Amino acid sequence: MTQQDDFKKALGNYPTGVTVVTTFDKENNPVGLTVNSFASVSLDPLLILWSIDKRAKSLSDFTYSKKFAVNILASDQDKLCFLFSSKEIDRFGQCEWKRSDDDLPILENVASVLECEKVQEIEAGDHIILIGQVYKVVNTDKAPLLYHKRNVGRIPKTFYQII
Ligand SMILES: Cc1cc2nc3c(=O)[nH]c(=O)nc-3n(C[C@H](O)[C@H](O)[C@H](O)COP(=O)(O)O)c2cc1C
């Protein structure tokens, strides 16, 4: 086992939610990709982060754009997780989305949406970390989609409240 294998195995022990991060490119076409590196950073101000692979096709769109939306997928949206991670496919032609008042592509029926102004870009190995300041939040009561070891699904029935 290499150190990279150990690293991957350890991260496999850390389930996450699933988001699709979106923006518009220079030609005003919607772009977006499936992201699970999303994390909360700060409450005051409201900051979040996610990281993008330097090899991603949409890298230059996200470094160009001054804002992005984090669409947190609902438990019945596993198809969107696959759609937005599949290559050579018309992603926005195969899902329902709308343009927000502040001009970002928003996926329909997601659990929550965070619209963000990009405030920082940090080079980190083979990824770039993007930090966003959240200026608009939309929430629903929908359950989230979970990701664990290349599987997606919903919160299991045996899930206990922390006392
Ligand atoms: C569950 C899941 C999580 C992912 N998380 C990330 C991520 O955090 N950052 C990233 O750059 N790619 C991530 N990816 C891979 C991208 O979604 C995928 O490479 C996508 O095709 C990139 O799109 P693009 O090349 O059109 O920009 C993830 C894929 C899956 C299935």
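Source: prediction; values computed, not measured.

The rules we used
Residues numbered from 1 in each chain as written. Predicted model: local features only at pLDDT ≥ 70, side-chain atom pairs only at ≥ 80, totals over all residues. Heavy atoms only, no water. Near = heavy atom within 4 Å. Polar contact = N/O pair within 3.5 Å; in protein donor to acceptor, adjacent residues only side chain to side chain. Areas by Shrake-Rupley, 256 points an atom, 1.4 Å probe, with all protein chains shown as cover. 1 Å grid on protein atoms, 1.4 Å probe; cavity = no way out; pocket = protein on both sides within 12 Å on 5 of 7 lines; lining within 4 Å. Sits in = over half its atoms within 2 Å of the grid points. Nonpolar A, V, L, I, M, F, W, Y, C, P; charged D, E, K, R; others polar. Points joined across faces, edges and corners; volume = space filled by probe spheres on them. Helix = DSSP H or I, 4+ residues; strand = E, 2+ residues; numbered from the N terminus.

Caption draft 1: Structural detail: the site of the ligand. The environment of the ligand is made up of 16 residues, and the closest members are Thr 34, Ser 37, Asp 53, Lys 57 and Ser 58. Lys 57 is positioned such that a nitrogen or oxygen atom in its backbone is 2.8 Å from an oxygen atom of the ligand. Isolated, the ligand exposes 650 Å² of accessible area, and the fraction of that covered by the protein chains is 82%. With respect to the pocket detection grid, the ligand is positioned in the largest pocket. Each residue belonging to the shell around the ligand can be placed in one class, and the counts come to six nonpolar, six polar and four charged.

Caption draft 2: Quick peek at the layout of surface pockets. Computed from the structure, the largest pocket encloses a volume of approximately 2000 Å³. Per-element tally for the lining of the largest pocket: the top contributor is strand S3 (residues 30-35), with six residues. For the lining of the largest pocket, a count of residues per class yields 18 nonpolar, 14 polar and twelve charged.

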